[in-house]
2 protein chains.
Amino acid sequence: MGREAAPAEREAIDPGDSASPDRSLRADAVRNRERLLVAAAAAFAAGGADVPLEDIARSAGVGIGTLYRHFPTRDALVEAVYRHEVDVLCERADELLTTLPPDQALAEWLQLFVRHVATKRGMLSALKSMMGADTSLFEQSRARAAAAATKLLAAGAAAGTVRGDIQGADLLRAVGGICMSTDQERSEASERLVGLLFDGLRHGAVAASPTAVTASSVSNISG
Amino acid sequence: MGREAAPAEREAIDPGDSASPDRSLRADAVRNRERLLVAAAAAFAAGGADVPLEDIARSAGVGIGTLYRHFPTRDALVEAVYRHEVDVLCERADELLTTLPPDQALAEWLQLFVRHVATKRGMLSALKSMMGADTSLFEQSRARAAAAATKLLAAGAAAGTVRGDIQGADLLRAVGGICMSTDQERSEASERLVGLLFDGLRHGAVAASPTAVTASSVSNISG
DNA sequence: GACTAAACGGAGGTAGCCTCCGTATACTAC
DNA sequence: GTAGTATACGGAGGCTACCTCCGTTTAGTC
């Protein structure tokens, strides 16, 4: 009984995650937290949800005590990894908008999203057990991703290179559906299909964009 | 990684469970196996899926070695408990048919089924993790329960006390739906509603039955 | 009653979980 | 720059669950 139930109650650390990444957290603490999230993401994606936490701490280059200070329970770590991945995805949307034309930014971001979903599959069994406990987590994450998608779509529509009658949430639903329907391991099929979808987004644009999108012109859509 | 993955591969014991409960199993082995299943069912239903196996062995009055001999993995135990519960349920159908008039037997059995589903809720998290791996388990169990229901229905129809145009599978689907829709803890609501359903089954019978069914005449169907 | 194959039981090795506290370090004030 | 302090680190160690192995017991057979 005492195996992973006892210490669940404890003050959650929760430094706000992405909104205010560190509220008076010391610099080394921020760094270690980030390292842990990266290492945990890799471990969960690769080895499933029951990786020893000691392994994660070691591969992050920190002690086990540090891991437990930041994430008192396994679930806390899983949730933080999930949130973090969504954070990174949403941040990339803004970055891409500053470095690329809106339509290319959208295309790139959709491919990132495909890979994001593929990575999540590894942690699925861990997340599954939290579905009942914390439904708001998933709703929030979906809303944030949809907001990022909407932003990219709006930029493309404003530039006249992407049609303007598509909602971010609908787009993500379509992309998510594609990811779910295609095979587990090979995400190339998903990437191709999403590229195809993106071509559809450009098709109804006010002005045709001259920029070429790599993944969208592939001929082999066998599945 | 080695926490519960390593010893999963091993010759399954599988003495056939209900079809031939013990194929040349020694008497004490049969007895202990049964005890373990009962203790495990109680433990899973009460404490969730992560009860220490040592506790189950102790409350069954056997050594941990005996538990592992019968059920090499935790999943094997969970699956066996599930199968066993379905076995017991189906056996009770036959028993009830020999001791009660068919319509009463059916009414009693439906109430047993309600309690069966309520008990399963406790092990849900354990079963959930096996859903992907072993879908045939659930299909087989549903088919067997449906067969038992069909048998009871047929007996009632032959006696003229239950209408004859209902399939066992459909009946179970309805009862299962009732169980799922009503609240977790209090299964009384389910029992009342299933009683109501049963009254409907009698309503279209060839000849009205004189036997009274307790749970069916309750007036308060608020929940 | 004697024999043997089958089954029991639990000690003990292994490993993951989590805590605790001495040590190290980032920030602050001067 | 230096001193002081709150904050964070790290990992040894205790606890517990998992699982195996093998000496002991017992059911079934002749």
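Residues numbered from 1 in each chain as written. Chains lettered and ligands numbered in written order. Predicted model: local features only at pLDDT ≥ 70, side-chain atom pairs only at ≥ 80, totals over all residues. Heavy atoms only, no water.

K.L.:
Help me out: how do you make sense of the overall build of chain A in this one?
P.N.:
In terms of helices and strands, chain A carries nine helices and zero strands. Each helix and strand of chain A, placed in order from N terminus to C terminus, yields the pattern α-α-α-α-α-α-α-α-α. For chain A, restricting intrachain contacts to residue pairs at least 6 apart in sequence, the fraction spanning at least 24 positions comes to 67%. Summing over all exposed atoms, chain A offers an accessible surface of approximately 11,900 Å²; the carbon and sulfur share of this is 54%. (Helix = DSSP H or I, 4+ residues; strand = E, 2+ residues; numbered from the N terminus. Contact = heavy atoms within 4.5 Å. Areas by Shrake-Rupley, 256 points an atom, 1.4 Å probe, with all protein chains shown as cover.)

K.L.:
How do you make sense of the packing of helix α1 (residues 27–47) of chain B against helix α2 (residues 53–60) of chain B when you look at a structure like this?
P.N.:
Two measures define how a pair of helices packs: the angle their axes make with one another and the distance between the axes. Residues and elements named next belong to chain B. Following both chains from N to C, one finds α1 and α2 inclined at 125°, their axes separated by 8 Å at the closest point. As the angle between them shows, α1 and α2 are arranged oblique. Crossing hand, α1 versus α2: right-handed. Packed against α1, whose contacting residues are Arg35, Leu36, Ala39, Ala40, Ala43 and Phe44, the element α2 presents Ile56, Ala57, Ser59 and Ala60 at the interface. Residues that form the contact of α1 with α2 fall into these classes: eight nonpolar, one polar and one charged. (Axes fitted to C-alpha atoms, helices over the stretch in contact; angles between N-to-C directions. Parallel < 35°, antiparallel > 145°, perpendicular 65-115°, else oblique. Left-handed = near helix turned anticlockwise from the far one by under 90°. Nonpolar A, V, L, I, M, F, W, Y, C, P; charged D, E, K, R; others polar.)

K.L.:
What is the right way to read α1(B) from this model?
P.N.:
The α-helix advances 3.6 residues per turn, and as a result positions three or four apart in sequence lie on the same side. Residue and element names in this part refer to chain B. Its 21 residues give α1 an end-to-end C-alpha distance of 30 Å, which sits within 8% of 30 Å, the value for a rise of 1.5 Å per residue. Listed as buried for α1 are Ala29, Asn32, Arg33, Leu36, Leu37, Ala39, Ala40, Ala41, Ala43 and Phe44. Glycine 48, located one to two residues past α1, shows a positive phi value of around 90°. (Expected span 1.5 Å × (residues − 1). Buried < 20%, exposed > 50% of the residue type's maximum accessible area, 1.4 Å probe, protein only.)

K.L.:
Can you walk me through the pattern of salt bridges in this structure?
P.N.:
A side chain of one charge can pair with a side chain of the opposite charge if their charged atoms are brought near each other. Residues and elements named next belong to chain A. Scanning all chains against the criterion turns up 20 salt bridges over all chains. Note that aspartate 87 is salt-bridged to arginine 144, the shortest N-O span being 2.0 Å. With a gap of 57 residues between them, aspartate 87 in helix α4 (residues 74–99) and arginine 144 in helix α7 (residues 135–159) connect regions that are remote in the sequence. Judged by its relative accessible area of 5%, aspartate 87 is buried. (Salt bridge = Lys/Arg side-chain N within 4 Å of Asp/Glu carboxyl O.)

K.L.:
How should the environment of Tyr82(A) be read in this particular structure?
P.N.:
One can find Tyr82(A) in helix α4. Separated by 59 residues in sequence, Tyr82(A) and Ser141(A) place their C-alpha atoms 8.8 Å apart.

K.L.:
Please clarify how the confidence of the model for chain A should be interpreted in this entry.
P.N.:
All names here are of chain A. A residue-level look at chain A finds 74% of positions with pLDDT of 70 or above and a mean pLDDT of 78. Per-element confidence in chain A ranges from a low mean pLDDT of 68 for helix α6 (residues 124–128) to a high of 96 for helix α3 (residues 64–70). Low pLDDT, under 50, characterises residues 1–21; the predicted model gives this stretch 22 contacts beyond four residues in sequence or across chains. Contacts of residues 208–223 to residues separated by more than four positions or lying in other chains number 25 contacts, the stretch itself having pLDDT below 50. (pLDDT = per-residue confidence, 0-100.)

K.L.:
I'm lost on the environment of Leu100(B) in this one. Help?
P.N.:
Tracing the chain through its elements places Leu100(B) in the loop between α4 (74–99) and α5 (102–122). Ignoring sequence-local partners within four residues, the contact set of Leu100(B) consists of Ala105(B) and Glu108(B).

K.L.:
Mind showing me how you'd approach the environment of Thr150(B) here?
P.N.:
Checked against the element boundaries, Thr150(B) lands in helix α7 (residues 135–159). Distance from Thr150(B) to Leu172(B), taken between C-alpha atoms, is 9.6 Å for residues 22 residues apart in sequence.

K.L.:
Whenever I open this one, helix α8 (residues 168–181) of chain B confuses me. Can you help?
P.N.:
All names here are of chain B. Here α8 contains 14 residues, and its C-alpha end-to-end distance of 20 Å stays within 8% of the 20 Å for a straight helix at 1.5 Å per residue. Taken residue by residue, α8 has Gly168, Leu171, Leu172, Val175, Gly176, Ile178 and Cys179 as its buried positions. Summarising the axial view, the buried residues of α8 lie within an arc of 155°, below the 170-degree limit, and thus occupy one face. Seen from the buried face of α8, the exposed residues on the opposite side, beyond 90 degrees, are Arg173, Met180 and Ser181. (Arc of directions from axis to C-beta.)

K.L.:
Would you take a moment to explain the packing of helix α5 (residues 102–120) of chain A against helix α9 (residues 188–203) of chain A for this structure?
P.N.:
Residue and element names in this part refer to chain A. Contact geometry for α5 and α9: axes closest at 10 Å, N-to-C directions at 150°. What the angle tells us is that α5 and α9 run roughly antiparallel. α5 and α9 meet at a crossing whose hand is right-handed. Residues Asp103, Leu106, Ala107, Leu110, Gln111, Val114 and Arg115 of α5 lie in contact with α9, whose contacting residues are Ser190, Glu191, Val194, Gly195, Phe198, Leu201 and Arg202. Tallied by class, the residues present in the contact of α5 with α9 amount to seven nonpolar, three polar and four charged.

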